[in-house]
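So you can see what is in the structure, the chains are spelled out below.
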Amino acid sequence: MKIGFDNEKYLRIQSEHIRERIAQFDGKLYLELGGKLFDDHHASRVLPGFKPDSKLRMFAQLREQLEIVIVVNAEDIEQNKIRADLGITYDEDVLRLRDEFMNRDFMVGSVVITHYNRQRAADQFRHRLKRMGIKSYVHYLIDGYPHNVELIASDKGFGKNDYVETTRELVIVTAPGPGSGKMAVCLSQLYNENKRGIRAGYAKFETFPVWNLPLKHPVNIAYEAATADLNDVNMIDPFHLEAYDKIAVNYNRDIEIFPVLNALFEGIYGENPYKSPTDMGVNMVGFCISDDDVCCKASKDEIIRRFYDATNKMVNGADNENEVSKIRLLFNQAKITTADRPVTVAAYERKIQTGNHAAAIEMEDGTIVTSKTTALLGCCAALLLNAMKYLAGIDHDVKLIPQSMIEPIQKTKIEYLGGKNPRLHTDEVLVALSVLSQHDENCRRALEQLPRLSGCQLHTTVMLSEVDRKIWRKLGCGLTCDPVKKK
């Protein structure tokens, strides 16, 4: 995988910048954390070289200075809201996040339950936290939030909330998902710290959009594609332009809320230390791009990948026509089509040639390897074998898994397990290869190539099963599928 991002530079200058921001206030900074802290695969896809755990590694350099506050909305607890990517409720995810942080030696100070109105489920969760020895606090709904500044910045507004006791100078405020109230928790703390004579600060840490890249840079367009379901829009920050006569990119929600935040800061401190929503951010990603061409190409691939994801969801019954339409418009802005992804074209051509569903993968040296669906193997299982043989220098005609071994597996799948598709999936191919590798040198060499698939791009002309999707994700490959269901 070609590298376009200097990860070590990022770890260094991002932590330095956060330290500088802490020093601007009375040694206390509340940092609202947007986006993913764990497994930020979007960033690693559009900025090749960015490690999925880069933010955690960066915060590890500040470990002794920081503590973490996890926020969850009481309404989400009451309604048993589920994280779609993990399949667990938001309250369970609070505990998962806490464990993840603490396993990495980060201090988790407490949990804040927002939008609290004595919801039964929220009270039960508080009792559970208490039994576990975890501090919890509640913040209430405030009439007219966020526009009724006079009420909000008063003892009947923020002053009514529990004061969250913290002991370190950097307080990271994070949450299981959107709509948690992270920003309100930060602002409430500023108000209550100020009453105690501490002029604490607030900052926002979000990777995208990248404020110091052009508005229509592919990295920023890829962010719009990633949030097409939320209808976020990247915009020139008008407040930054007016204050500094410099162009900076932000997104619509932060720009729309800034006049309110400005009034809240003035209500708390008498003045706002920030002249624009861009000023509030601490993101240094844009300064660490080492090869712009590499990041542009990766971002265009990501826009195409998001398009296929959205069309796949639509075929599966999702009501997401607006999401698909928006990404189509982003194609125009980025001046791309699906044909700009070589593996898409290669898979389609193989399908036309063979009359069967096909797959293609682009190897690290630029070579494209293809496959087709057969009676024994699905197209992506065949592709995995072909790719490993190519990397290991094994002749294409060599059969790594003999038919005599595949047929009994197929019989078990159909006759004993009630399956309908006799063809082997990628996980079954890997298990068979693992067994054979004990006595077959070619199988052993083929399996040793798996790490070299990380970062490779592939496309199939048919939607894959979740089993196959998971295998390719674990291998670190960028997968897209035509929005066509298996018959």
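Just so it is clear, the structure is predicted and the values come from calculations on it, not from any experiment. (Residues numbered from 1 in each chain as written. Predicted model: local features only at pLDDT ≥ 70, side-chain atom pairs only at ≥ 80, totals over all residues. Heavy atoms only, no water.)

Points about the environment of Ala 346
Next up, step 1: Tracing the chain through its elements places Ala 346 in helix 15 (residues 342-354).
Next up, step 2: What makes Ala 346 buried here is its relative accessible area of 12%.
Next up, step 3: Residues in contact with Ala 346, not counting those within four places in the same chain, are Ala 360, Ile 368 and Thr 370. (Helix = DSSP H or I, 4+ residues; strand = E, 2+ residues; numbered from the N terminus. Buried < 20%, exposed > 50% of the residue type's maximum accessible area, 1.4 Å probe, protein only. Contact = heavy atoms within 4.5 Å.)

Regarding the packing of helix 13 (residues 292-315) against helix 14 (residues 321-334)
Next up, step 1: Closest axis-to-axis distance for the helix 13/helix 14 pair is 9 Å, and the angle between their directions is 160°. Of the possible angle classes, the one that applies to helix 13 and helix 14 is roughly antiparallel. As helix 13 packs across helix 14, the resulting crossing turns out to be left-handed. Mapping the contact onto sequence places Lys 300, Ile 303, Ile 304, Arg 306, Phe 307, Ala 310, Thr 311, Lys 313 and Met 314 in helix 13 and Glu 321, Glu 323, Val 324, Ile 327, Arg 328, Phe 331 and Ala 334 in helix 14.
Next up, step 2: Looking at the contact of helix 13 with helix 14 residue by residue, the class counts come to nine nonpolar, one polar and six charged. (Axes fitted to C-alpha atoms, helices over the stretch in contact; angles between N-to-C directions. Parallel < 35°, antiparallel > 145°, perpendicular 65-115°, else oblique. Left-handed = near helix turned anticlockwise from the far one by under 90°. Nonpolar A, V, L, I, M, F, W, Y, C, P; charged D, E, K, R; others polar.)

Considerations on the packing of aromatic side chains
Given two aromatic rings, their pairing is described by the distance between the two centres and the angle made by the two planes.
Next up, step 1: All told, the structure shown has 17 aromatic pairs when counted by the stated rule.
Next up, step 2: Both rings, one in Phe 208 and one in Tyr 223, keep their centres 6.3 Å apart while their planes meet at 20°; by these two values the pair is stacked. In this pair, Phe 208 sits in the loop between strand 8 (201-205) and helix 9 (218-226) while Tyr 223 sits in helix 9, placing the two residues 15 residues apart along the sequence. The burial state of Phe 208 is the same as that of Tyr 223; both residues are buried.
Next up, step 3: In textbook terms, an aromatic cluster arises when at least three aromatic residues are bridged by ring pairs, as seen for Phe 25, Tyr 202, Phe 265, Tyr 269 and Tyr 274. (Phe/Tyr/Trp six-rings, centres within 6.5 Å; stacked < 30°, edge-to-face > 60°.)

Here we look at empty space enclosed by the protein
Space left empty within the atom packing is revealed by a probe, the size of a water molecule, rolled over the atoms.
Next up, step 1: This model, assessed by the stated rule, comprises two cavities of 30 Å³ or more.
Next up, step 2: Volume-wise, the largest cavity comes out at about 160 Å³.
Next up, step 3: As for the largest cavity, its lining consists of 15 residues, and the residues nearest its centre are Glu 206, Pro 209, Asn 250, Asp 254 and Gly 281.
Next up, step 4: Residue assignment for the lining of the largest cavity shows that the elements contributing at least two residues are strand 10 (249-251) and helix 12 (277-280).
Next up, step 5: Classifying every residue of the lining of the largest cavity by side-chain character gives eight nonpolar, four polar and three charged. (1 Å grid on protein atoms, 1.4 Å probe; cavity = no way out; pocket = protein on both sides within 12 Å on 5 of 7 lines; lining within 4 Å. Points joined across faces, edges and corners; volume = space filled by probe spheres on them.)

A word on the pairing of strand 1 (residues 29-33)
Moving residue by residue along a regular strand, the side chains alternate between the two faces of the sheet.
Next up, step 1: Burial analysis of strand 1 places five of its five residues in the buried class, which makes it a mostly covered element.
Next up, step 2: Side chains Leu 29, Leu 31 and Leu 33 project from strand 1 onto one buried face, and the interleaved Tyr 30 and Glu 32 project onto a second face that is buried too.
Next up, step 3: In this structure, strand 1 lies alongside strand 7 (residues 170-174), joined through four bridges in parallel fashion. Across the sheet, Tyr 30 pairs through a bridge with Val 171, a residue of strand 7. (Pairing = 2+ DSSP bridges.)

Description of the sheet that holds strand 11 (residues 358-362)
Next up, step 1: Across the sheet, four strands lie side by side as 12-11-13-14; this open sheet has mixed pairing. This sheet does not close on itself; its edge strands, each paired only once, are strand 12 (368-372) and strand 14 (478-481). Sheet twist, expressed as the mean angle between neighbouring strand axes with direction ignored, is 15°.
Next up, step 2: Two elements, strand 11 and strand 12, share five bridges in a ladder whose sense is antiparallel. Bridged to Ile 361 within strand 12 is Val 369.
Next up, step 3: Most of the contacts of helix 13 go to strand 14, to which it runs at about 45°, and overall it touches strand 13 (457-460) and strand 14.

Quick notes on unusual backbone geometry
Next up, step 1: Look at the link from Tyr 145 to Pro 146: it is a cis peptide, with omega at 5°.
Next up, step 2: Its location among the elements puts Pro 146 in the loop between strand 6 (136-140) and helix 7 (149-152).
Next up, step 3: Pro 209 follows Phe 208 through a cis peptide bond whose omega is -5°.
Next up, step 4: Relative to the assigned elements, Pro 209 resides in the loop between strand 8 and helix 9.
Next up, step 5: Phi is positive for Arg 118, which is not a glycine, with a value near 60°.
Next up, step 6: Relative to the helices and strands, Arg 118 is located in the loop between strand 5 (108-116) and helix 6 (120-131).
Next up, step 7: Positive phi is not limited to glycine here, since Asp 245 has a value of about 55°.
Next up, step 8: Relative to the elements of secondary structure, Asp 245 occurs in the loop between helix 10 (238-244) and strand 10.
Next up, step 9: Take Asp 245: its relative accessible area is 66%, and that puts it in the exposed class.

Describing the sheet that holds strand 5
Next up, step 1: On the basis of which strands lie adjacent, the open sheet formed by six strands has the order 6-5-2-7-1-8 and parallel pairing. Among the strands making up the open sheet, the edge pair consists of strand 6 and strand 8. Taken over all neighbouring pairs, the strand axes of this sheet differ in orientation by 25° on average, direction set aside.
Next up, step 2: Inspection of the sheet shows strand 5 paired to strand 6 by four bridges, in the parallel sense.

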